[in-house]
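# Residue-level structure breakdown
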Amino acid sequence: MIIDATLIVIQVTVSLILIVFILLHSGRGGGLSDMFGGVAGGSSAGSTVVERNLDRLTVVVSLVFAFTTMLLSLRL
């Protein structure tokens, strides 16, 4: 009972974080580099590192989301 409630809280939290991370990714435009004042066409080393780290965080959060989804489907 308590494990189910904990998994649901983790699931909702991770899903909200995943939504934010996906929305931070660049679309057809510049994405993070434009949002934080980067110049179009000129990419500095910092923005690419930030985007790579955002990619990694998104993958980790999506794996946690998938894992909690599977755990909830087995428990319910």
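Read on for an overview of the structure. (Residues numbered from 1 in each chain as written. Predicted model: local features only at pLDDT ≥ 70, side-chain atom pairs only at ≥ 80, totals over all residues. Heavy atoms only, no water.)

Helices and strands together make up the secondary structure of the protein, namely three helices and zero strands. Counting helices and strands in the order they occur from the N terminus, the protein gives α-α-α. Within the protein, counting contacts between residues at least 6 apart in sequence, those at least 24 apart form 78% of the total. Just so you have it, the protein exposes about 5,600 Å², and 74% of that area is on carbon and sulfur atoms. (Helix = DSSP H or I, 4+ residues; strand = E, 2+ residues; numbered from the N terminus. Contact = heavy atoms within 4.5 Å. Areas by Shrake-Rupley, 256 points an atom, 1.4 Å probe, with all protein chains shown as cover.)

With that settled, consider helix 1 (residues 2–24). With 23 residues, helix 1 extends 33 Å from end C-alpha to end C-alpha; this agrees with the ideal 33 Å at 1.5 Å per step. All of the buried residues along helix 1 are Asp4, Leu7, Gln11, Val14, Leu18 and Phe21. (Expected span 1.5 Å × (residues − 1). Buried < 20%, exposed > 50% of the residue type's maximum accessible area, 1.4 Å probe, protein only.)

Attention now moves to the pattern of salt bridges. Per the counting criterion, the structure on display carries one salt bridge. In this structure, Asp4 engages Arg75 in a salt bridge whose closest nitrogen and oxygen atoms are separated by 3.0 Å. Taken together, the residues span a long stretch of sequence, with Asp4 in helix 1 and Arg75 in helix 3 (residues 45–75) at a distance of 71 residues. According to the relative accessible area criterion, Arg75 is partly exposed, its value standing at 43%. (Salt bridge = Lys/Arg side-chain N within 4 Å of Asp/Glu carboxyl O.)

A separate point is the side chain of Thr58. Checked against the element boundaries, Thr58 lands in helix 3. Of the residues examined, Thr58 reaches a relative accessible area of 12% and is grouped as buried. Among residues more than four places away in sequence, those in contact with Thr58 are Leu18, Phe21, Ile22 and His25.

Time to look at the nonpolar core. In terms of nonpolar packing, the biggest core is built from five residues, these being Val14, Leu18, Phe21, Leu54 and Val61. Of all elements in the fold, only helix 1 and helix 3 reach the threshold of two or more residues within this core. Top element by residues in this core is helix 1. It accounts for three residues. (Core = buried A, V, L, I, M, F, W, Y, C linked by side-chain atoms within 4.5 Å.)

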